Amino acid sequence: MEAQSKIKKGKKKHKTEVPAPTPKKDKKKTIKDLTKSSKKIEGLFTMYQDTITGSLQMVLSENQINKEFIYFIQTVDAPGDLGFAGRGIYGKSKVFKIQKYFNKIEFITQNTSFYFDESKAIANAKEANISNGNMASLKVEAHDKKDGLYLIKADGLFLKEVFSQIKPPSRPGGSPTAFKLGNLDKEKTKIIAINNYPKNIDLVIEYIYSKPSTINGGSNAVVDGRNVSIKVNHSLIEMPDNDYEIKLDDPRVGFFTTQVDDKTSMSSAPYRDLVHRWHLKKKDPNTAISEPVTPITWWMENTTPKEIRPIIKKAGEQWNIAFEKAGFKNAIVIKQQPDDAEWDAGDIRYNVLRWTSSPQTRFGGYGPSFVNPRTGQILGADIMIEYAVLAGSLRGEKLFEKAALNTYYEEMTEFINTDNHDIYCAAGQMAQLDNMFGTIANTVFDEDGIEKSKMVNQFLHFLILHEMGHTLGLNHNMKSSQLHSISDINNEDITSEIGLMGSVMDYPAINYNNDRDNQGQYWTMRPGPYDIWAIQFGYQPMSEIETKALLSKSTQPELVFGNDADDMRSPGKAIDPLVNVNDLTNDAIQYAINRINLSNEVAKEVLAKYKVQEKGNSYQLLGNSYFVLTGQQAAAANTISRYIGGIYIDRGMVGQKGATKPYTPVSLQDQKRAMTALGKYVFSSNSFSAPKELYNYLAPQRRGFNLRSKNEDPKIHDRVLGIQKSVLMHLLHPNTLQRITDSGLYGNKYTLSAFMTDLNNAIFKSDIYSNVNSFRQNLQLEYTNMLIDMVTGKQTSKFTHNSKSMALYNLKAIRAMAAPSGNIASRAHKQHLRTLIDNAVKEIK
Ligand SMILES: [Zn+2]
């Protein structure tokens with residue numbers, strides 16, 4: 001008020017008092033004055049961009065003060081050197097409030113993690129000890145009292161890392177030569193685009209990070225490591241004002257959620273976690289099946305390869321099977337983005353199935369969504385697919401070599417530097433590796449073109465189903481691939497009706513039948529029974545009683561659920577062997593044995609086939625095939641190993657029909673079966689005996705000087721030992737050993753001493769009294785060193801006393817077995833073992 005009248009008085013003074021004295025310094029300018037040389041961009045927040053400098057100003061209206069908005073960030077483009085960054089990667093959405101403090105406008109992040117029942121007195125303390133985040137406090141440059149408008153300078157809001165941290169944090173203990181960004185360069189950072197709409201504004205900003213010199217200039221994706229560009233899209237979104245009803249999560253179904261604690265509840269599990277789902281409402285609520293008022297509409301980006309567009313459309317629309325069970329017809333609609341579309345695929349108002357062919361691929365497919373954190377309503381989603389998943393060749397051999405091993409997953413987790421970890425998906429990469437196995441096997445078994453394209457089409461169909469499942473709110477269900485028996489899995493009469501798995505949200509092994517005359521589906525082609533049930537839970541309008549009745553079915557075998565937190569992909573992680581990646585059928589041990597045998601069979605024939613098929617080409621494909629085939633064996637070996645010390649989990653509620661005890665140890669018979677299989681297929685002297693003649697041909701194609709960094713000779717012993725070690729890392733993991741002892745108290749019959757003796761025997765007994773071949777020497781030494789580490793190593797305190805006693809007992813047994821015998825190499829090996837053990841025993845305190 002004061003300011004406005006001063007401006008008016010000032011103006012009058014100019015007119016009346018002539019000549020004017022020197023202009024008053026505190027003279028207030030109007031919005032009009034300050035935006036004279038700017039272009040006006042109208043929308044949710046009116047923006048003014050200076051036509052000479054590009055500088056940005058923002059107008060806030062009085063009715064936007066004290067209101068909540070949603071903020072969302074998405075990467076437009078970033079080099080893969082930064083980890084899990086790149087086109088279409090989503091950040092997390094958050095709620096912020098705009099407030100006025102004297103002559104300043106504040107942008108304050110709101111805490112959405114807690115719920116208080118307002119009818120309870122304790123709710124009066126709801127603000128206690130909560131930290132909100134004041135992201136920015138900006139001076140009001142001009143105030144239009146008549147229209148209730150405030151003008152602020154907006155460069156500081158969007159050209160700095162105000163709303164989000166853009167530069168990935170540097171990890172303590174990281175390599176000093178790792179790729180690192182310089183500092184944010186204010187001069188070079190700029191606005192690329194401003195898209196202002198009535199309900200949201202998108203600002204695309206190119207952040208430049210500069211430094212004068214660099215040790216590591218990055219990959220080929222980075223032209224100049226001293227000046228690195230990251231483009232992001234900041235979206236400010238009006239808080240939806242609609243009749244969306246929140247849906248609370250249940251532990252028996254796997255939706256993405258926003259976690260909320262009920263701070264006014266007396267429950268032992270006071271959770272009010274918000275299910276992430278679309279706002280789907282029946283057009284006609286009185287009919288059993290109705291079209292939704294607003295369907296979930298998808299656009300295939302115009303970058304989508306033309307020949308696969310029909311497959312993608314068909315796969316995505318398969319989800320309508322599930323929605324029909326939930327009472328919705330045509331809930332999913334898939335359209336084609338025209339080549340001359342006036343909107344960009346990054347526009348958050350459109351859900352787009354996007355394709356990229358990135359310099360480095362961090363995922364095969366990825367299906368993120370973003371929500372209103374206040375309600376869990378999904379506001380937008382995309383699906384990103386990397387073109388490389390279709391390519392027969394594997395780009396990035398390094399990733400590929402690791403693909404079979406457990407370290408792969410850990411490294412993939414390392415890549416993630418977004419705060420949106422829960423939506424990370426490796427289905428595309430995993431399935432791609434399995435599909436490559438299928439391709440090699442199809443070549444060896446002379447399958448015709450129809451069979452080959454059937455497999456690839458099914459792979460793509462599955463991948464789209466999976467990624468779209470994520471965008472509907474579903475997270476992974478790694479327990480669902482054990483639905484069918486080995487005999488039913490290739491019966492298409494069954495699988496075409498139900499699917500190959502309970503859920504498309506799993507990472508299964510490819511269903512490749514050793515019996516080539518009875519090949520069923522390679523990949524699942526429709527939402528499974530679990531998916532349909534989960535969509536009913538999430539989307540079907542129903543009463544509380546109906547919801548309870550639906551959830552009470554969770555004990556049915558086709559509706560089992562366990563997500564990434566429960567799966568056993570990494571050594572020592574989780575406890576239930578049914579919740580795993582790379583497994584298939586309800587006899588996953590036998591299925592894995594079949595796969596090891598099949599890989600061996602294929603390895604025997606692959607050279608002869610490629611000599612014909614690859615005539616005139618280099619041997620690159622053969623080398624890749626060796627890694628794919630041994631990778632299949634590694635994955636199978638890991639699947640088998642998880643049964644030892646495994647505990648089946650039942651998440652049924654107290655008194656629920658069909659529910660068993662929450663924890664039931666794997667039977668002695670199955671644990672012994674797993675141990676025997678590992679002895680025969682993983683640890684024996686002829687395990688991984690790829691045909692010897694293959695080794696002379698494992699040559700990568702020469703390119704420039706690329707082979708200089710490491711010798712190109714095939715490191716066969718390393719490959720085999722790596723696979724064996726990944727299994728041992730699980731079996732001798734402190735968690736596994738501790739669980740074997742603890743679970744003896746509640747049903748486990750495979751004692752720690754029996755298991756560790758069996759393992760010791762599997763690794764030594766067949767050859768320690770005679771000649772030991774080079775693979776077994778490697779294995780025996782590696783294993784012995786692991787036992788020594790248990791009793792004297794840095795990690796020794798992590799192991800239970802019982803397991804350390806058994807480790808020592810086994811070391812002494814090895815010492816006794818490793819008496820001098822056999823050829824010179826075997827004698828040297830045994831002397832090595834004895835020396836290691838003798839020295840280690842001296843160190844034991
Ligand atoms: Zn996934």
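Rules of the game
- Residues numbered from 1 in each chain as written.
- Predicted model: local features only at pLDDT ≥ 70, side-chain atom pairs only at ≥ 80, totals over all residues.
- Heavy atoms only, no water.
- Buried < 20%, exposed > 50% of the residue type's maximum accessible area, 1.4 Å probe, protein only.
- Helix = DSSP H or I, 4+ residues; strand = E, 2+ residues; numbered from the N terminus.
- Pairing = 2+ DSSP bridges.
- Axes fitted to C-alpha atoms, helices over the stretch in contact; angles between N-to-C directions.
- Parallel < 35°, antiparallel > 145°, perpendicular 65-115°, else oblique.
- Left-handed = near helix turned anticlockwise from the far one by under 90°.
- Contact = heavy atoms within 4.5 Å.
- Nonpolar A, V, L, I, M, F, W, Y, C, P; charged D, E, K, R; others polar.
- Phe/Tyr/Trp six-rings, centres within 6.5 Å; stacked < 30°, edge-to-face > 60°.
- Arc of directions from axis to C-beta.
- UniProt positions renumbered as here; feature names shortened; annotations may be inferred.
- Core = buried A, V, L, I, M, F, W, Y, C linked by side-chain atoms within 4.5 Å.
- Domains from an automatic or database assignment.

**Details of the pairing of strand S13 (residues 200-210)**
- A large share of S13 lies buried, amounting to 11 of its 11 residues.
- Residues Asn200, Asp202, Val204, Glu206, Ile208 and Ser210 of S13 are buried on one face, and the alternating residues Ile201, Leu203, Ile205, Tyr207 and Tyr209, pointing to the opposite face, are buried as well.
- When strand S11 (residues 183-184) meets S13, the two strands line up antiparallel, connected through 2 bridges. Note on S13: the bridge partner recorded for Asn183 is Ser210.
- Two elements, strand S12 (residues 190-196) and S13, share 6 bridges in a ladder whose sense is antiparallel. From the neighbouring strand, Ile194 faces S13, where its bridge partner is Leu203.
- What sits between S12 and S13 in their antiparallel hairpin is a turn of 3 residues.

**Overview of the packing of helix H19 (residues 774-792) against helix H20 (residues 801-817)**
- Close contact between H19 and H20 brings their axes to 9 Å; oriented N to C, the two are set at 140 degrees. Classified by the angle their axes make, H19 and H20 are oblique. Handedness of the crossing formed by H19 with H20: left-handed. Facing H19, whose interface residues are Tyr783, Thr784, Leu787, Ile788, Met790 and Val791, H20 presents Ser803, Lys804, Ala807, Leu808, Asn810, Leu811 and Ile814.
- Class assignment of the residues belonging to the contact of H19 with H20 gives a composition of 9 nonpolar, 3 polar and 1 charged.

**Focus: the environment of Tyr197**
- Positionally, Tyr197 belongs in the loop between S12 and S13.
- Judged by its relative accessible area of 16%, Tyr197 falls in the buried class.
- Taking the C-alpha atoms as reference points, Tyr197 and Gly365, 168 residues apart in sequence, are found 30 Å from one another.
- The residues touching Tyr197, leaving out its near neighbours within four places in the chain, are Gly43, Leu44, Asp202, Asp347 and Arg349.

**A closer look at the packing of aromatic side chains**
- If you walk through the whole model with that rule in mind, you get 28 aromatic pairs.
- Centre to centre, the rings of Trp299 and Trp343 are 5.2 Å apart; their planes meet at 70 degrees, and the pair counts as edge-to-face. Linking Trp299 in strand S18 (residues 296-300) with Trp343 in the loop between strand S19 (332-336) and strand S20 (351-356), this pair joins segments that are 44 residues apart in sequence.
- Residue classification places Trp299 among the buried residues on the basis of a relative accessible area of 17%.
- Its relative accessible area of 14% is what places Trp343 among the buried residues.
- Linked through ring pairs, Phe45, Phe69, Tyr71, Phe96, Phe107, Phe158 and Phe163 together constitute an aromatic cluster.

**Examining helix H4 (residues 309-317)**
- Taken residue by residue, H4 has Arg309, Ile311, Ile312, Ala315 and Gly316 as its buried positions. The arc that holds every buried residue of H4, seen down its axis, measures 160 degrees, which confines them to one face. Seen from the buried face of H4, the exposed residues on the opposite side, beyond 90 degrees, are Pro310 and Lys314.
- In this structure, the buried side of H4 is in contact with S18, helix H5 (319-325), S19, S20 and helix H9 (449-471).

**Description of the packing of helix H13 (residues 588-613) against helix H15 (residues 668-681)**
- At a minimum axis separation of 11 Å, H13 and H15 run at an interaxial angle of 10 degrees. Our classification of the angle between H13 and H15 gives roughly parallel. Packed against H13, whose contacting residues are Ile589, Gln590, Ile593, Ile596 and Asn597, the element H15 presents Asp670, Arg673, Ala674, Ala677 and Tyr681 at the interface.
- Broken down by class, the residue content of the contact of H13 with H15 amounts to 6 nonpolar, 2 polar and 2 charged.

**Some thoughts on the UniProt feature "domain: EcxA zinc-binding" (unreviewed entry) in the chain**
- The sites that carry the UniProt feature "domain: EcxA zinc-binding" (unreviewed entry) are, in the present numbering, residues 452-767.
- As a span, residues 452-767 carries 47% helix and 2% strand, and end to end its C-alpha atoms are 43 Å apart.

**Some remarks on the nonpolar core**
- With 146 residues, the main nonpolar core has Trp319, Phe323, Phe683, Phe755, Met756 and Leu759 as its most contacted residues.
- Tallying contributions element by element places H13 first for this core, with 12 residues.
- Sequence-distant contacts of Phe755, defined by excluding residues within four places in its chain, comprise Ile644, Met675, Leu731, Leu737, Ile740 and Tyr750.
- The next biggest cluster of nonpolar side chains, apart from the first, holds 45 residues, and it includes Ile41, Met47, Ala78 and Ile166.

**Comments concerning the domain arrangement of the chain**
- Considered domain by domain, the chain is made up of domain 1 (31-238) and domain 2 (715-845).
- One C-alpha centre belongs to domain 1, the other to domain 2; they are set 55 Å apart.

**A closer look at the pairing of strand S3 (residues 56-61)**
- Counting buried positions along S3 yields 6 of 6 residues, so the element is predominantly enclosed.
- Alternating positions in S3 separate into two faces, Leu56, Met58 and Leu60 on one and Gln57, Val59 and Ser61 on the other, with burial throughout.
- Strand direction decides the pairing type here: strand S2 (residues 47-50) and S3, joined by 3 bridges, are antiparallel. Among the inter-strand pairings, Tyr48 is bridged to a residue of S3, identified as Gln57.
- If you look at the hairpin formed by S2 and S3, you'll find 5 residues sitting between the two strands, and Gly54 has a positive phi there, around 80 degrees.
- Bridge analysis of S3 against strand S10 (residues 149-153) gives 5 bridges, and the strand direction is antiparallel. Counterpart to Met58 in the pairing with S10 is Ile152.

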